[in-house]
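Breakdown of the fold
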Amino acid sequence: MKKIIGLLLITTLFNACDDGDVQVETVDLNDAQTKKCTENNVLYQIKDTKSIILELSSAQFTSFFENKMKVKTDFIAGSLLYRIYNGNVALENICGSIRPTTPNVTEEWTAQSASLQVTTTAVKSPPVESGFSKIIGYKHAMILKNVSWQKSNGTSQVETERPFGNYTINAVNLPINFTATDLKTTTCNNNSLFIVNGSESFLLKLDATTFTFLFPAIPVIGTKQASISSDNKLTYTLFNGVISNDYFCTTPLPATPIIVEQWISDSTASNGIIKVKTELYGTTQHKYIVTLETTTLKRGTNDLYLGTSYKLGEFISSN
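Counting restarts for each chain, with residues numbered from 1 along the sequence as it is written. Local features in this predicted model are restricted to residues whose pLDDT is 70 or higher, and side-chain atom pairs enter the listing and the counts only when it is 80 or higher, whereas totals over whole chains, interfaces and linings include all residues. Each side-chain value is worked out from all heavy atoms of the structure, with water and hydrogens disregarded.

In this text, helices come from DSSP runs of H or I with a minimum length of four residues, and strands from runs of E with a minimum of two, each type numbered from the N-terminal end. When helices and strands are tallied, the protein shows four helices and 19 strands. Radius of gyration: over C-alpha atoms. The globule rule applied is 2.2 Å multiplied by the number of residues raised to the 0.38 power. Computed over its C-alpha atoms, the radius of gyration of the protein comes to 30 Å, more than 25% above the 20 Å expected for a compact globule of 319 residues. For the protein, the spread of C-alpha atoms along the principal axes amounts to about 120 × 45 × 35 Å. Whether a residue is buried, partly exposed or exposed follows from its accessible area with a 1.4 Å probe, protein chains only, as a fraction of its type maximum: under 20%, in between, or over 50%, in that order. Going through the 319 residues of the protein one by one, you find that 41% of them count as buried. We call two residues in contact whenever any of their non-hydrogen atoms come within 4.5 Å of each other. The contacts of the protein with a sequence gap of at least 6 include a subset with a gap of at least 24, amounting to 61%.

See the structure below:
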C-alpha cells in the first residue's frame, strides 16, 4: 500500500510541474503563402484552421516595401496576431469588410513585442542576348524576430525567429525605349548629350576634357572610348509626364513633370565604357554613334545592367 501511495504522489508532483507556462506550441504556417488585403495594409498567412495576421500603418508599409531598401528591420508590436479557428479559414475571414460569422476564433495570441525584417531583391526580366534586362518587380523576404506571444489563456511564449514568406510588388515600368537618331548635344551645356522619349530620358554628362576628346572641334574618323566615372555620368530618368527637349536647358530644372525614378551610372563598375564612332556624313558633316558597354545603373541598392553593348544614340554634327 505504501508503494502505491508513493507512486501516486510522484505522479501528482510530475503533473503539477506541467503548468502551461513552460509548454511550447508550434505556430505551423511556415509553408503558407503570404498575401496582402487589397483594401488595407494587412499581410497574412492562412493554413487550414490557422492564420497569422500582420497589420501595418501606412508609414510602416511604405518604410518596409516602397523605399526598396536592401534590409529593413523595425519594431511591430501590437499589430501581429495568431489565430486558431473551429473550421477552415478563408480570405473573407481576414480581409472582408463584412466578415462571415463562421468559423469562430477559438484561440488568439497577440504579439507583445516583435520585429519584422524585410530583405528586398529585384526581380528582373529574362536577359536579351547582350545581357540587358529590366527590373519588373521587387521580392520582399520577411522574417519575424523575437516575437513574444501573449496567449488567450494568459500564458506566454517566445519565438526567436520565424519566416513570414515573400511579398512581391510589381515595379514601375521602365520603358527604356528610345529612337537612336534622336540623340542630341545640349546647346546650353556643350559637355552633355541627351535623348528624350515621352516621359523618359537619358543624360550623359561628361567632363570638359572627355567631351573634347570624344567630340573634337575637328572631327577624326574612327572610334574613341572613355570610362564611366564620377565625372562622366549617365543618368536615366522616368517622369510622371511628357518632357521636351528644352528640359535640360532650363535653369532651374522645371518642377513638373515630377521625377518618378532616377538611375545613375555606377562609377565603381569595372568596365563601364563610352564608345564613340565617328563617320563621314555626306561631304562636309560627320555622324557620331554613341554606344555604352558593360554599363550598370544604380538606384539605392538596386542595379540595372544595360548589357555588354547598348546603343545610346547617334547625331549629326555641323562640321
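Backbone geometry follows two general trends: most residues other than glycine have a negative phi, and most peptide bonds adopt the trans configuration. Backbone torsion omega between Thr102 and Pro103 reads -5 degrees, so that peptide bond is classified as cis. Inspection of the secondary structure puts Pro103 in the loop between helix H3 (91-95) and strand S6 (105-124). Cis geometry marks the peptide bond from Thr251 to Pro252; its omega dihedral reads -10 degrees. Counting through the fold element by element, Pro252 comes out in the loop between strand S13 (233-239) and strand S14 (259-265). A positive phi angle, close to 55 degrees, is found at Asp48, a residue other than glycine. Along the chain, Asp48 turns up in the loop between strand S2 (42-47) and strand S3 (50-55). Unlike most non-glycine residues, Thr294 shows phi in positive territory, near 45 degrees. In this fold, Thr294 is placed in the loop between strand S16 (285-293) and strand S17 (296-299).

One open sheet accounts for seven strands, arranged S9-S10-S11-S13-S14-S17-S18; its pairing is antiparallel. In this open sheet, the two strands that pair with only one neighbour each are strand S9 (184-185) and strand S18 (302-305). By the bridge criterion, two bridges tie S14 to S17 in an arrangement that is antiparallel. Looking at S17, one finds that Ser265 is bridged to Leu297. Note on pairing: two strands pair once DSSP finds at least 2 bridges between them.

With that settled, consider the pairing of strand S11 (residues 200-205). In terms of burial, S11 is a largely internal element, five of the six residues being buried. As consecutive antiparallel partners, strand S10 (residues 192-197) and S11 are separated by two residues, and within that stretch Gly198 has a phi angle of approximately 60 degrees, a positive value.

With 12 bridges joining them, strand S7 (residues 135-150) and strand S8 (residues 156-170) adopt antiparallel strand pairing. Across the sheet, residue Ile143 finds its bridge partner in S8, namely Pro163. Connecting S7 to the next strand, S8, in antiparallel fashion are five residues, including Gly154 with a positive phi near 95 degrees.

The next subject is helix H2 (residues 58-65). Buried residues of H2: Gln60, Phe61, Ser63, Phe64 and Phe65, and no others. Along the axis of H2, the buried positions cluster into a sector of 165 degrees, meaning they face one direction only. Along H2, the residues that are exposed and aim more than 90 degrees away from the buried face are Ser58 and Ala59. Taken from the helix axis, the directions to the C-beta atoms give the arc we talk about.

Do not read the predicted coordinates in detail wherever pLDDT is low. Per-residue confidence for the protein gives a mean pLDDT of 87; residues scoring 70 or more make up 91%. Looking at the elements of the protein, mean pLDDT is at its lowest for helix H1 (residues 2-17), recorded as 41, and at its highest for strand S12 (residues 222-227), recorded as 97. The model gives residues 1-24 a pLDDT under 50, and that stretch makes eight contacts with residues more than four places away or in other chains. Across the chain, each position has a pLDDT score giving the predictor's confidence in that residue, from 0 to 100.

Our next topic: the environment of Met142. Tracing the sequence through the fold places Met142 in strand S7. By relative accessible area, which is 2% here, Met142 ends up buried. Measuring from C-alpha to C-alpha, the distance between Met142 and Thr119 comes to 6.6 Å, with 23 residues separating the pair along the chain. Here Met142 is in contact with Thr34, Leu43, Phe65, Leu116, Gln117, Val118, Pro163, Phe164, Gly165, Asn166 and Tyr167, once residues within four sequence places are set aside.

Counting through the fold element by element, Phe164 comes out in strand S8. Relative accessible area serves as the criterion here: at 0%, Phe164 is assigned to the buried category. Sequence separation between Phe164 and Asp31 is 133 residues, and the spatial gap between their C-alpha atoms is 9.0 Å. Not counting chain neighbours up to four residues away, the residues in contact with Phe164 comprise Thr34, Leu43, Tyr44, Gln45, Ile52, Leu54, Met142, Ile143 and Leu144.

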